[in-house]
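Given next are the chains, with one letter for each unit.
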Amino acid sequence: MSVMVARKKVVRKWEKLPGRNTFCCDGRIMMARQKGIFYLTLFLILGTCALFFAFECRYLAVQLSPAIPVFAAVLFLFAMATLLRTSFSDPGVIPRALPDEAAFIEMEIEATNGTVPQGQRPPPRIKNFQINNQIVKLKYCYTCKIFRPPRASHCSICDNCVERFDHHCPWVGNCVGKRNYRYFYLFILSLSLLTIYIFTFNIVYVALKSLKIGFLNTLKETPGTYPSMSLTVLTVLEVLICFFTLWSVVGLTGFHTFLVALNQTTNEDIKGSWTGKNRVQNPYSHGNIVKNCCEVLCGPLPPSVLDRRGILQQEESTAQEGSCPRGPGTQEPLATQGSGQAQEAHPVLSLQVPVPSVSDTEMPEEKQRTPGELPVPSLDAGRAEH
């Protein structure tokens, strides 16, 4: 005889997380839902570098130095590694309040603000917090039902509160926050160096070819595998991509270098939190460029508080086998269906054993039986019958 228990599914926390994010590899990869521009970023980097390694690098390695393709490969691999690390990681999403926590916070707010007369606007939900002798306001998020930590903000695209929120970058397909800002900065820095490197050696390639066979003959030169397309046309295409990339990527790198030196975020700079009319000093700045850079780029990386791969509910299927004679009280219950949704019926055998009227607790200790043990009539009961 075997007793079967229904097979159920293991549900992990990332499957039930609110917000507009997508997860891959069982929750290990976390991105925004809008990933089209991220794929464009991959196409531009991979396409440009593929053309450079396929054509110009071979000629430059022979004519100038074999270190040219090696250094280009190092820059390319570093840029791709930091891009994927920025795109696939948790930027520092803050979990939303549970129903009990949200109700408790609402009670605290009502107790603090008191009863608001009808027709009047309730006061703003703000808490004052002191950092380095500077008062910082903690704002209440009506979506996440929490008071956001300092420097946190709610991303309207991902629909999550992000700690030390910098901005949402569609080029990397993710928010940029406390847990991936350093990788984002290293990505744009390495991409700037890679773009300058390819742009420079493309011009050197055309110049060397022009000195040997002339500029016009260089334009007419065709590679053996592509007889219909001039090799210089591909080089010009790379130069154009690098030229227009330089203006945006190098400028962006310079801007974020300025922010890192001040220990400031893009969100704070746009809102003018520490400049402009407020004239309030940045409480997070150490007053030293080196210390600010070390804190932002080399400080300890906090762990993710989402626990994306944690188990919410674990339901297993087990089978117990045993040999037991079927008594007259053995019955087979019919499979039933729930009223709300259809359920799978599994054959279950239950053994019903008659239970005496005297409970186990009323019996002496030496006569208490274990669960499933058949009752044995006592000698006193037999004598009473006779």
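Here the residue numbers are simple positions, counted from 1 along each chain's written sequence. In keeping with the model being predicted, local features are shown solely for residues with a pLDDT of at least 70 and side-chain atom pairs are shown and tallied solely at 80 or more, while totals for entire chains, interfaces and linings include all residues. Computation of side-chain values: all heavy atoms of the structure, hydrogens and water removed.

K.L.:
Quick rundown of the UniProt feature "transmembrane region" (unreviewed entry) in the protein? Include the residues and the values.
P.N.:
The positions that UniProt labels "transmembrane region" (unreviewed entry) are, in the present scheme, residues 37–55, 67–84, 183–208 and 228–250. Helical segments are the DSSP runs of H or I of at least four residues, strand segments are the runs of E of at least two, and each set is numbered from the N terminus. Secondary structure content for residues 37–55 is 100% helix and 0% strand, and the end C-alpha separation is 27 Å. Counting secondary structure, residues 67–84 comes out at 100% helix and 0% strand; the distance between its end C-alpha atoms is 26 Å. UniProt positions are given in the numbering used here, feature names are shortened, and annotations may be inferred rather than shown by experiment.

K.L.:
Describe a nonpolar patch on the surface, naming the residues involved and giving the relevant values.
P.N.:
Two distance rules govern patches: like charges are joined within 9 Å, and nonpolar side chains (Val, Leu, Ile, Met, Phe, Trp, Tyr) within 5 Å, applied only to residues with over 30% relative accessible area and no salt bridge. The Shrake-Rupley method, run with a 1.4 Å probe, gives the accessible areas here. Residue values count only the displayed protein chains as cover. A carboxyl oxygen of Asp or Glu within 4 Å of a side-chain nitrogen of Lys or Arg is what we treat as a salt bridge. Together, Ile37, Leu40, Phe43, Leu44 and Trp171 make up a nonpolar patch on the protein surface, roughly 480 Å² of accessible area in all. Along the chain, the position of Trp171 falls in the loop between strand E11 (167–169) and strand E12 (174–176).

K.L.:
I'd like a rundown of the sheet that holds strand E6 (residues 126–131), residues and numbers included.
P.N.:
With antiparallel pairing, the three strands of this open sheet are ordered in space as E6-E7-E8. Looking along the sheet, the strands with just one partner apiece sit at the ends: E6 and strand E8 (146–147). Pairing of E6 with strand E7 (residues 134–141), which is carried by six bridges, proceeds in the antiparallel orientation. For Asn128, the partnering residue across the bridge sits in E7 and is Lys137. Any two strands with at least two DSSP-identified bridges between them are counted as paired.

K.L.:
Could you give me a rundown of the sheet that holds strand E10 (residues 160–162), with the residues and numbers involved?
P.N.:
Pairing is antiparallel in the open sheet, where three strands are placed in the order E5-E10-E9. Of all the strands in the sheet, the pair left with one neighbour each is strand E5 (93–94) and strand E9 (153–155). Direction of pairing for E5 relative to E10: antiparallel, over a ladder of two bridges. Across the sheet, Ile94 pairs through a bridge with Cys161, a residue of E10.

K.L.:
Summarise the nonpolar core; cite the residues concerned and give the values.
P.N.:
Definition used in this section: a nonpolar core is a set of buried Ala, Val, Leu, Ile, Met, Phe, Trp, Tyr and Cys residues joined via side-chain atoms within 4.5 Å. Whether a residue is buried, partly exposed or exposed follows from its accessible area with a 1.4 Å probe, protein chains only, as a fraction of its type maximum: under 20%, in between, or over 50%, in that order. Membership of the largest hydrophobic core comes to 39 residues, with the highest contact counts inside it found for Ile45, Leu83 and Phe187. Considering each element in turn, this core owes the most residues, 13 residues, to helix H4 (residues 181–213). Once you skip the residues sitting within four places of it in the chain, Ile45 turns out to touch Phe76, Met80, Leu83, Phe187 and Leu191. Whether two residues are in contact is decided by their heavy atoms, any of which lying within 4.5 Å being enough.

K.L.:
Could you give an account of the pairing of E7, naming the residues involved and the relevant values?
P.N.:
Remark: two residues form the turn of the hairpin made by E6 and E7, two consecutive strands paired antiparallel; Asn132 in that turn has positive phi of roughly 50°. Here two bridges tie E7 to E8, and the two strands are oriented antiparallel to one another. Looking at the pairing, Cys141 lines up with Ile146 of E8. In sequence, E7 turns back onto E8 through a hairpin of four residues, with Lys145 there showing a positive phi of about 60°.

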